[in-house]
Amino acid sequence: MATKSKAEEWDAFYQSQGAFGAPYPELVDFLKQIQPKTSLLDLGAGQGRDAIAAQQLGFEVTAVDISNEGIQQIQANGIRGVVDDIFNYTLDQNYQVILLDAVIHCQPEDQEEEKKLFKAIEEHLNQEGYLLLLTHQWDMREQYLQDLFAKHYPTLQLQFNNYIEHIFTPPQTEEESIMELSFMCFQKT
């Protein structure tokens, strides 16, 4: 029996609307403060909970995800969606905000791909633009990222690192899940 690809697994998961719940209030509050609002790139957008919220706030949004199902749901909201692996996607313009929500894992097997992505982000972020990085909290990940950015991406300066507790009910379950996240904001100087 053939195993499912990563894209097929996400397609199946996203058959349920709102699989990861509502956007984080902390993220929405931060995006509200940005004036004027121009372009936002959501890498690893899933079903678009962050992309849709950003569009509703006035950003011109591009959403990228490996899941065709997720991108179809995003496009149904009038948002530009691209089906691609975020590590293969070629950034083709500069952005005011680039968002990575729970897609950076900092595991040894992922670090080289992630470093290449961060370099592309640094090159395609507007001056004074924001990289918003939400990561699961564990294994000294925050310190690793802070050290990595200070050493390799010095134009991206850490503005804050806040704790977020996100409660949602995953598809096909009745129990709530809790994700503990770090909300890291870097600004290009």
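Above this text is the structure in question.
To keep things clear, this report deals only with the structure shown in the data block. (Residues numbered from 1 in each chain as written. Predicted model: local features only at pLDDT ≥ 70, side-chain atom pairs only at ≥ 80, totals over all residues. Heavy atoms only, no water.)

Two faces belong to every sheet, and in a regular strand the side chains alternate between them. For strand E4 (residues 95-101), a buried count of seven out of seven residues is recorded, marking the element as mostly surrounded by other parts of the structure. Pairing of strand E1 (residues 39-43) with E4 involves four bridges; the strand directions are parallel. Within E4, the residue paired with Asp42 across the bridge is Leu99. Across six bridges, E4 lies against strand E5 (residues 125-136) in parallel orientation. Looking at the pairing, Val97 lines up with Tyr130 of E5. Between the parallel pair E4 and E5, the chain is carried across by helix H5 (residues 111-123), and the sense of this crossover is right-handed. (Buried < 20%, exposed > 50% of the residue type's maximum accessible area, 1.4 Å probe, protein only. Helix = DSSP H or I, 4+ residues; strand = E, 2+ residues; numbered from the N terminus. Pairing = 2+ DSSP bridges. Right-handed = clockwise from strand over helix to strand, strands pointing away.)

Within the largest apolar cluster, 27 residues are counted, with the highest numbers of intra-cluster contacts made by Leu31, Phe59, Val97 and Leu132. Every element with two or more residues in this core is listed here: helix H2 (25-33), helix H3 (49-57), strand E2 (60-65), helix H4 (68-75), E4, E5, strand E6 (156-168) and strand E7 (177-188). When residues in this core are grouped by element, the largest group, four residues, is from E7. Core analysis: the second largest hydrophobic core is formed by 26 residues, Leu91, Ile98, Leu100 and Val103 among them. (Core = buried A, V, L, I, M, F, W, Y, C linked by side-chain atoms within 4.5 Å.)

Packing of H2 against H3 leaves a shortest axis separation of 10 Å and a crossing angle of 30°. Of the possible angle classes, the one that applies to H2 and H3 is roughly parallel. Crossing geometry of H2 relative to H3 is assigned as right-handed. On H3, the residues that touch Leu27, Val28, Leu31 and Lys32 of H2 are Asp50, Ala53, Ala54 and Leu57. Looking at the contact of H2 with H3 residue by residue, the class counts come to six nonpolar, no polar and two charged. (Axes fitted to C-alpha atoms, helices over the stretch in contact; angles between N-to-C directions. Parallel < 35°, antiparallel > 145°, perpendicular 65-115°, else oblique. Left-handed = near helix turned anticlockwise from the far one by under 90°. Contact = heavy atoms within 4.5 Å. Nonpolar A, V, L, I, M, F, W, Y, C, P; charged D, E, K, R; others polar.)

A cis geometry characterises the amide bond from Gln35 onward to Pro36, with omega recorded as -15°. Summarising the element assignment, Pro36 is placed in the loop between H2 and E1. Although it is not a glycine, Ala102 sits at a positive phi angle of roughly 60°. Mapped onto the secondary structure, Ala102 falls in the loop between E4 and H5. Even without a glycine there, the phi angle at Cys106 is positive, about 60°.

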